[in-house]
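Structural features, examined
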Amino acid sequence: MYGLAQCRVCGKPRVVDLSKSSSACPYCSAEEDTSKLPVFFRSPDQSAVREALSQATGFTPPDLAAKKKRIEQADPYSTMVYRYEHASDLEEKMEILAEGLTRIKGTFTLDDVREIAGDRAEKMVSAMLDRCLISEVRIGIYKG
């Protein structure tokens with residue numbers, strides 16, 4: 001059995017599993033005895049209780065289809081730059097650059113790497129060449 005209850009500490013409504021002896025509030029983390037919580041709505045169906053919560057608070061779940069569509073329509077260059085900036089190690093950054101620039105531009109130059117890597121571009125290109133992540137197809141022109 002599930003219920004729509006109000007936290008006695010922060011006062012926010014939340015969904016509670018009434019079969020459990022205690023429940024932690026997702027907002028303030030207060031641990032409360034479920035038998036002492038004020039319950040406004042009960043149902044064996046959790047989705048019905050979630051619907052009651054959304055009606056009580058005006059909450060609407062995010063539109064996942066719109067998010068997926070936005071991701072699919074994202075600019076590949078800015079996505080590559082974002083992935084590069086959020087990569088944790090140097091190897092991963094080099095792989096992102098080599099694959100991304102090759103996929104987007106076909107071939108790329110040191111200036112293309114410099115736009116993303118800044119003043120580390122020369123070292124990045126040299127390291128990518130040493131690791132065979134890219135090859136120099138013509139003088140100053142690289143491909144992954």
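Quick summary incoming for the structure in this document.

Procedures and definitions
- Residues numbered from 1 in each chain as written.
- Predicted model: local features only at pLDDT ≥ 70, side-chain atom pairs only at ≥ 80, totals over all residues.
- Heavy atoms only, no water.
- Pairing = 2+ DSSP bridges.
- Helix = DSSP H or I, 4+ residues; strand = E, 2+ residues; numbered from the N terminus.
- Axes fitted to C-alpha atoms, helices over the stretch in contact; angles between N-to-C directions.
- Buried < 20%, exposed > 50% of the residue type's maximum accessible area, 1.4 Å probe, protein only.

Some thoughts on the sheet that holds strand β1 (residues 2-6)
Reading across from one edge, β2-β1-β5 is the order of the 3 strands in this open sheet, with antiparallel pairing throughout. Unpaired on one side and paired on the other, β2 (13-17) and β5 (39-43) mark the two borders of the sheet. The average undirected angle you get between the axes of adjacent strands in this sheet is 25°. As defined by bridge partners, β1 adjoins β2 across 5 bridges and the pair is classed as antiparallel. Bridging across to β2, G3 finds its partner in V16.

Description of unusual backbone geometry
We note that S29 has phi near 65°; this positive angle belongs to a residue other than glycine. Mapped onto the elements, S29 comes out in the loop between β3 (22-24) and β4 (31-33). In this model, C132 sits at a positive phi of 60°, which is unusual for a non-glycine residue. Mapped onto the elements of the fold, C132 is located in the loop between α6 (121-130) and β6 (135-138). For C132, a relative accessible area of 68% corresponds to the exposed category.

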